[in-house]
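Take a look at the letters that make up each chain.
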Amino acid sequence: MKIGVLGAGVVGLTSAWWLSEAGHDVVLIDHAAGPAAEASRANGAQLSYRYVAPMASPKMLGQLPGLLLPGEDAIKVSFNRELIGWGLRFLKACTSAEVARTTAAQLALAELSRVELERLLGKVPLDFGLRTAGKLVVFRKQSDLDAATPADRDAAEVLTPLQCLALEPALALRPDEFAGGVYTASEQVGDCGVFCDQLFARLGQSNRVELRMNTAIGRPVVKNRRVTGIDTDNGTVEADLFVLALGSGARAFAKSCGFDLPIYPVKGHSITIANHGEPALQHSVTDYSRKIVYAPLGGATRVAGFADFQGYDTTPVASRIAQLKQAAADTFGLEATGEADPWAGLRPMTPDSRPIIGPSPLDGLFLNTGQGMLGWTLACGSARLTTDLIDGKPPSCPSEPFDVRRFR
Ligand SMILES: Cc1cc2nc3c(=O)[nH]c(=O)nc-3n(C[C@H](O)[C@H](O)[C@H](O)COP(=O)(O)OP(=O)(O)OC[C@H]3O[C@@H](n4cnc5c(N)ncnc54)[C@H](O)[C@@H]3O)c2cc1C
């Protein structure tokens, strides 16, 4: 088949790779000049295969009134019509049953991702700083530590503050400043932007893949309820099937196809602080209360965080960057000299934190999007599952939890 992949973020690039490996001819289309121009460029770098806690939960429901007050640091919300519709679905997902369903589905997809990334690297050695660094989630409040879900604790150890400090000596907190941590030794880190650059270069060498960059995607060409082509500013691209992997741009495209995709852009920020000599951190660390992650990446530490529900603007906000610098100084004594590469990106979030993978309401259009907080972690598994379903093969992990029809 000839398959058009819409979007060259980590989800589109991995889709293009797995589809071409399965024998399809692929056209990869993106409006940017290069790969990973949006959310996949400078994210938190964590490959978080065991820590997949969904955002919607009964606990979050209880915290919601406080979170919506001005002054709350980790999450900022500005309401608009799109967000209200999305928010109602989010509230519906805040049940223990949904959390259990999402956690089970995400753990299976994450494990598939881990295996598929290994398989990819067995075929094409890519160098993006992949390391099994282990992940320590630090909880400042005892109630948060107590409520850490069983999935977090499976394959993980609960540590006292002193044990956390012994494990990660760079942590500059006093033992009485936090309740403890959950450590998962098997978690990995890697630079998603560099992975995308290298996979893109490999795709460019394949005679099954055509790269169409600097190409803005417009409306679909629909004949008899089937998408047969996509209008772009460089003419119409025709294919037997299209895979929608536009990240936070997916909702607008779906709208132009006549259906709704409940994906909302959740803005996050990052900085990258160069090491002076020795690596600053040994492990990847998540500060649960502040919603900030720290990842050791070769010669630098990536510091990323926040969840701002404030629309589609991707400009880094100076106050958020200043908060990240301050947090890095308080928590690890890390001094960001100079600009430290301020960056912001939009996580394509679904209300229940599960990606949308499967057929769309229109023939000829397949959905692989909405990976949200975990798009780097889930990309390779999502690409495998997409390829299985398109080829009519038994899915490599349960696919039904990711079907868009759950939102009807
Ligand atoms: C601050 C932050 C920290 C994060 N940390 C982590 C982490 O530690 N671990 C993890 O697993 N995940 C993390 N994520 C999430 C992860 O980065 C995203 O889920 C993932 O990058 C989404 O990939 P994507 O390919 O779906 O979207 P994108 O990377 O946004 O790709 C979409 C592509 O579509 C293109 N596009 C959009 N509209 C159009 C159009 N009309 N025409 C043509 N092209 C178009 C864009 O140019 C872009 O290349 C983080 C995200 C953020 C913001």
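For the structure itself, consult the block above.
A quick note: this is a predicted structure, and the numbers were derived from the prediction, not measured.

1. Focus on the packing of aromatic side chains
Phase 1: A complete count under the given rule lists nine aromatic pairs for this structure.
Phase 2: Here tryptophan 86 and phenylalanine 309 contribute two aromatic rings whose centre-to-centre distance is 5.7 Å and whose plane-to-plane angle is 55°, an arrangement assigned as tilted. Highlighted residues: tryptophan 86 in helix α3 (residues 81-92) and phenylalanine 309 in strand β17 (residues 300-309), separated in sequence by 223 residues.
Phase 3: By way of ring pairs, the aromatic residues Trp86, Phe90, Tyr264 and Phe309 are connected into one cluster.
Phase 4: The positively charged end of lysine 291 is found above the aromatic ring belonging to tyrosine 288, 4.5 Å away from the centroid.

2. Some remarks on the packing of helix α4 (residues 96-123) against helix α11 (residues 375-390)
Helix-helix packing: each pair is described by the crossing angle between the helix axes and the interaxial distance.
Phase 1: With their axes 7 Å apart at the nearest point, α4 and α11 run at an angle of 90° to one another. Taken together, α4 and α11 sit at an angle that is classed as roughly perpendicular. Here Gln106, Leu109, Ala110, Leu112, Ser113, Glu116, Leu117 and Arg119 of α4 lie close against α11, whose contacting residues are Thr377, Leu378, Ala379, Cys380, Gly381, Ser382, Arg384 and Leu385.
Phase 2: Among the residues making up the contact of α4 with α11, the classes are represented as eight nonpolar, five polar and three charged.

3. Focus: the pairing of strand β15 (residues 284-287)
Phase 1: Alternating positions in β15 separate into two faces, Ser284 and Thr286 on one and Val285 and Asp287 on the other, with burial throughout.
Phase 2: Strand direction decides the pairing type here: strand β5 (residues 135-139) and β15, joined by four bridges, are parallel. When the bridges of β15 are listed, valine 138 appears paired with aspartate 287.
Phase 3: Note that β15 and strand β16 (residues 292-297) share three bridges and pair antiparallel. If you follow valine 285 over to β16, its bridge partner there is tyrosine 294.
Phase 4: Linking β15 back to β16 in an antiparallel pair, the connection comprises four residues, with lysine 291 at a positive phi of about 55°.

4. What about the pattern of salt bridges?
Phase 1: Under the counting rule described, the total for this entry stands at 23 salt bridges.
Phase 2: The partner of arginine 320 in a salt bridge is aspartate 308, and the shortest N-O contact between them spans 2.6 Å. You can see arginine 320 sitting in helix α10 (residues 318-332) and its partner aspartate 308 sitting in strand β17, a full twelve residues away along the chain. The same class applies to arginine 320 as to aspartate 308, namely buried.
Phase 3: For arginine 384, the salt bridge is made with aspartate 388, and the minimal N-O distance between the two is 3.1 Å. With arginine 384 and aspartate 388 both in helix α11 and four residues apart, this pair spans about one turn of that helix. For the pair formed by arginine 384 and aspartate 388, the shared burial category is buried.

Calculation rules
Residues numbered from 1 in each chain as written. Predicted model: local features only at pLDDT ≥ 70, side-chain atom pairs only at ≥ 80, totals over all residues. Heavy atoms only, no water. Phe/Tyr/Trp six-rings, centres within 6.5 Å; stacked < 30°, edge-to-face > 60°. Helix = DSSP H or I, 4+ residues; strand = E, 2+ residues; numbered from the N terminus. Lys NZ or Arg CZ within 6 Å of the ring centre and 35° of its normal. Axes fitted to C-alpha atoms, helices over the stretch in contact; angles between N-to-C directions. Parallel < 35°, antiparallel > 145°, perpendicular 65-115°, else oblique. Contact = heavy atoms within 4.5 Å. Nonpolar A, V, L, I, M, F, W, Y, C, P; charged D, E, K, R; others polar. Buried < 20%, exposed > 50% of the residue type's maximum accessible area, 1.4 Å probe, protein only. Pairing = 2+ DSSP bridges. Salt bridge = Lys/Arg side-chain N within 4 Å of Asp/Glu carboxyl O.

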